[in-house]
Amino acid sequence: MTILDIRVVPDPILKQVSKPVPGVDDDLRRLMDDMLETMYDAPGIGLAAIQVGVAKQVIVMDLAREGEPPEPRYFVNPQILWASEDMAPYEEGCLSVPEVFDEVERAARVKVKYLDYDGQERVVEADGLFSVCLQHEMDHLKGVLFIDYLSRLKRDRAVTRVRKLVRQA
Ligand code: ZN
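What comes next concerns the included structure. On a predicted model such as this, the values are computed, not experimentally measured, just so you know.

### Brief notes about the coordination of the zinc ion
- In this structure, Cys94 (SG), His136 (NE2) and His140 (NE2) serve as the protein donors to the zinc ion, at separations of 2.1 to 2.3 Å.
- On the primary sequence, the residues serving as donors to the zinc ion are separated as C-x41-H-x3-H. Of this pair, His136 and His140 are both found in helix 2 (residues 128-141), 4 residues apart, which corresponds to roughly one turn of the helix.
- Taking relative accessible area as the criterion, His136 reaches 6% and is therefore assigned buried.
- In this structure His140 comes out as buried when scored by relative accessible area, which is 1%.

Here it is, written out as structure tokens:
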């Protein structure tokens, strides 16, 4: 497996809209394996393909806590079937906006249809962190970052901070 380069703001590719894939084949599984490895290495709990420069509707995730066995999850062509009217705030972060955390309000629960690692169609209902993470990652597929929900001032400050980090690295 290969650790891929994670794109960070203000890389314009992060604004790109990802395309659905025709199906799950070995090439796509290899991409998902590499994405998962890249996410674990970062470390993070979710990663969308566009964050490694691939404009395909693919997400990997692992919400297992430290000390728990890994629980990799894969979402291909995810679609929101339903979202609750009640909202919940959560302090979010993003591997493409390193070291920046801020509160975003999203639907508390969502129902999502997707293809899994084997290309099987599945439907899942998510709440809590799972719901937050799914919506955050699905936003990436639309070219939307969590900082886009913040005030312009906070967004600009976040980008400046990442630019500085990248310069220092
Ligand atoms: Zn993110």
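What follows continues from the structure just given.
### A closer look at the sheet that holds strand 3 (residues 72-83)
- With antiparallel pairing, 5 strands are arranged side by side in an open sheet as 1-2-3-6-7. Looking at strand neighbours, the two that pair on one side only are strand 1 (46-48) and strand 7 (121-126), the edges of this open sheet. Geometrically, the sheet is characterised by an average inter-axis angle of 40° between neighbouring strands, direction not taken into account.
- Two elements, strand 1 and strand 2 (residues 58-62), share 3 bridges in a ladder whose sense is antiparallel. Following the sheet pairing, Ala48 is matched in strand 2 by Ile59.

Quick notes on the rules
- Residues numbered from 1 in each chain as written.
- Predicted model: local features only at pLDDT ≥ 70, side-chain atom pairs only at ≥ 80, totals over all residues.
- Heavy atoms only, no water.
- Donors = N, O, S within 2.8 Å, 3.2 Å for Na, K, Ca; no water.
- Helix = DSSP H or I, 4+ residues; strand = E, 2+ residues; numbered from the N terminus.
- Buried < 20%, exposed > 50% of the residue type's maximum accessible area, 1.4 Å probe, protein only.
- Pairing = 2+ DSSP bridges.
- Axes fitted to C-alpha atoms, helices over the stretch in contact; angles between N-to-C directions.

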